[in-house]
Amino acid sequence: MPSTEELLERLGVDIDAGTLRLALTHRSYAYEHGGLPTNERLEFLGDSILGFSVTDALYRDNPELPEGDLAKRRSAVVSTRALAGIARELGIGQHILLGQGEKLTNGADKSSILADTVEALIGATYLTNGIEVARQMVMRLISPLLADAEALGAGTDWKTSIQELAAARKMGGVEYLVQGSGPDHARTFVATLHIGGTAYGQGTGHSKKEAEQEAAAVSWRQLRAAETADA
């Protein structure tokens, strides 16, 4: 298991050793080691702190936005996909304590496990340092997402967003061609999005849904970028 010192440096906080280990203890590891405490209570705590911090930032920074738009942007920032992306950038997966079954199925890169661990680390930061330090850490982690205002507007469900965009432009039907590879316990899927028979973005993931969402996100950005260039 890699040293957690680098992880703490990337997070920019100190967390006491016992609380940090708890935050990194997935239930699969806990069950295999005699029923140890898991990170799920810390995840519950961190989820509340994350939600409040993001809501506060969105409310203060976007005085012109109605409640519905604020809610949509918050959903995008605190989504499993967004949190898993943050976790991958920080290299959190290599530090998670996983059971053998999860290790064999590449649990260290599963979006759900990564997102839950990010929330647990937020909870652990709060317990060690208090609410202000935890809030500041949250803001450091999610600031790049908050800055991407246009993407946030679509990010709640990229597949719905690309469907709406294609319909508005009368581009034709939206289809996903998905191919899987690798052994059953570690499948990787590649999805290519087609609109009106023309190929656009491509995405990868450990599930068809994840690959399709990424393909939709890439395609949405391509179409909006082309629209901006033509303006």
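Residues numbered from 1 in each chain as written. Predicted model: local features only at pLDDT ≥ 70, side-chain atom pairs only at ≥ 80, totals over all residues. Heavy atoms only, no water.

## Section: the overall build of the protein chain
Next, step 1: Helices and strands together make up the secondary structure of the protein chain, namely twelve helices and three strands.
Next, step 2: In the protein chain, buried positions account for 42% of the 231 residues.
Next, step 3: For the protein chain, long-range pairs separated by at least 24 residues make up 56% of all intrachain contacts whose partners lie at least 6 apart in sequence.
Next, step 4: For the protein chain, the computed accessible surface area is about 12,000 Å², with 51% contributed by carbon and sulfur atoms.
Next, step 5: If the 22 positive side-chain charges of the protein chain are averaged to one point and the 31 negative ones to another, these points end up 3 Å apart. (Helix = DSSP H or I, 4+ residues; strand = E, 2+ residues; numbered from the N terminus. Buried < 20%, exposed > 50% of the residue type's maximum accessible area, 1.4 Å probe, protein only. Contact = heavy atoms within 4.5 Å. Areas by Shrake-Rupley, 256 points an atom, 1.4 Å probe, with all protein chains shown as cover. Lys, Arg positive; Asp, Glu negative; His and termini not counted. Charge placed at Lys NZ, Arg CZ, Asp CG, Glu CD.)

## A short note on the sheet that holds strand E2 (residues 188–195)
Next, step 1: Spatial ordering of the open sheet is given by E1-E2-E3, a layout of three strands whose pairing is antiparallel. In the strand order of this sheet, the two ends are held by strand E1 (174–181) and strand E3 (198–205), each with one partner. Shown here is a sheet whose adjacent strand axes are inclined to one another by a mean of 20 degrees, direction ignored.
Next, step 2: Here eight bridges tie E1 to E2, and the two strands are oriented antiparallel to one another. When the bridges of E2 are listed, Leu177 appears paired with Thr192. (Pairing = 2+ DSSP bridges. Axes fitted to C-alpha atoms, helices over the stretch in contact; angles between N-to-C directions.)

## Focus: the environment of Leu65
Next, step 1: Among the secondary structure elements, Leu65 is positioned in the loop between helix H4 (40–61) and helix H5 (67–77).
Next, step 2: Residue Leu65 is classed as buried on the basis of its relative accessible area, which comes to 17%.
Next, step 3: If near-sequence neighbours (up to four positions away) are discounted, Leu65 is found in contact with Leu70 and Arg73.

## Re the packing of aromatic side chains
Next, step 1: For the structure shown, the criterion picks out zero aromatic pairs.
Next, step 2: Residue placement shows Lys159 over the ring face of Tyr176; its charged tip is 5.0 Å from the ring centre. (Phe/Tyr/Trp six-rings, centres within 6.5 Å; stacked < 30°, edge-to-face > 60°. Lys NZ or Arg CZ within 6 Å of the ring centre and 35° of its normal.)

## Quick word on the pattern of salt bridges
Next, step 1: Tallied over the entire structure, the rule returns eight salt bridges.
Next, step 2: The closest approach of N and O atoms between Asp56 and Arg60, which form a salt bridge, is 2.8 Å. With Asp56 and Arg60 both in helix H4, this residue pair falls four residues apart, about one helical turn.
Next, step 3: Glu212 is the salt-bridge partner of Lys159, the closest N and O atoms lying 2.6 Å from each other. Of this pair, Lys159 sits in helix H11 (residues 158–168) while Glu212 sits in helix H12 (residues 208–230), placing them 53 residues apart in sequence.
Next, step 4: For Lys159, a relative accessible area of 26% corresponds to the partly exposed category.
Next, step 5: According to the relative accessible area criterion, Glu212 is buried, its value standing at 15%.
Next, step 6: Members of the salt-bridge network, linked through shared partners, are Arg88, Asp109 and Glu210. (Salt bridge = Lys/Arg side-chain N within 4 Å of Asp/Glu carboxyl O.)

## Quick notes on the packing of helix H6 (residues 80–90) against helix H9 (residues 131–147)
Next, step 1: Orientation of H6 relative to H9, taken along the N-to-C sense of each, is 120 degrees, at an axis distance of 11 Å. Viewed along their axes, H6 and H9 adopt a mutual orientation that is oblique. Considering only the axes of H6 and H9, their crossing is right-handed. Touching Ala82, Ile86 and Leu90 of H6 are Leu141, Ile142 and Leu145, all from H9.
Next, step 2: Residue composition of the contact of H6 with H9, by class: six nonpolar, no polar and no charged. (Parallel < 35°, antiparallel > 145°, perpendicular 65-115°, else oblique. Left-handed = near helix turned anticlockwise from the far one by under 90°. Nonpolar A, V, L, I, M, F, W, Y, C, P; charged D, E, K, R; others polar.)

## A word on H9
Next, step 1: When the terminal C-alpha atoms of H9 are compared, their 23 Å separation across 17 residues agrees well with the 24 Å that a helix rising 1.5 Å per residue should span.
Next, step 2: Bending of H9 peaks at approximately 45 degrees at the position of Leu141, with proline Pro144 no more than four residues after it.
Next, step 3: All of the buried residues in H9 are Ala134, Met137, Val138, Met139, Leu141, Ile142 and Leu146. (Expected span 1.5 Å × (residues − 1). Bend = angle between axes of the 7 residues up to and from the residue.)

## Thoughts on the pairing of E3
Next, step 1: Note: E2 against E3, six bridges, orientation antiparallel. When the sheet's bridge partners are listed, His194 is paired in E3 with Ala199.
Next, step 2: Here E2 folds back onto E3, and the loop between the two strands holds two residues, one of which, Gly196, carries a positive phi near 60 degrees.

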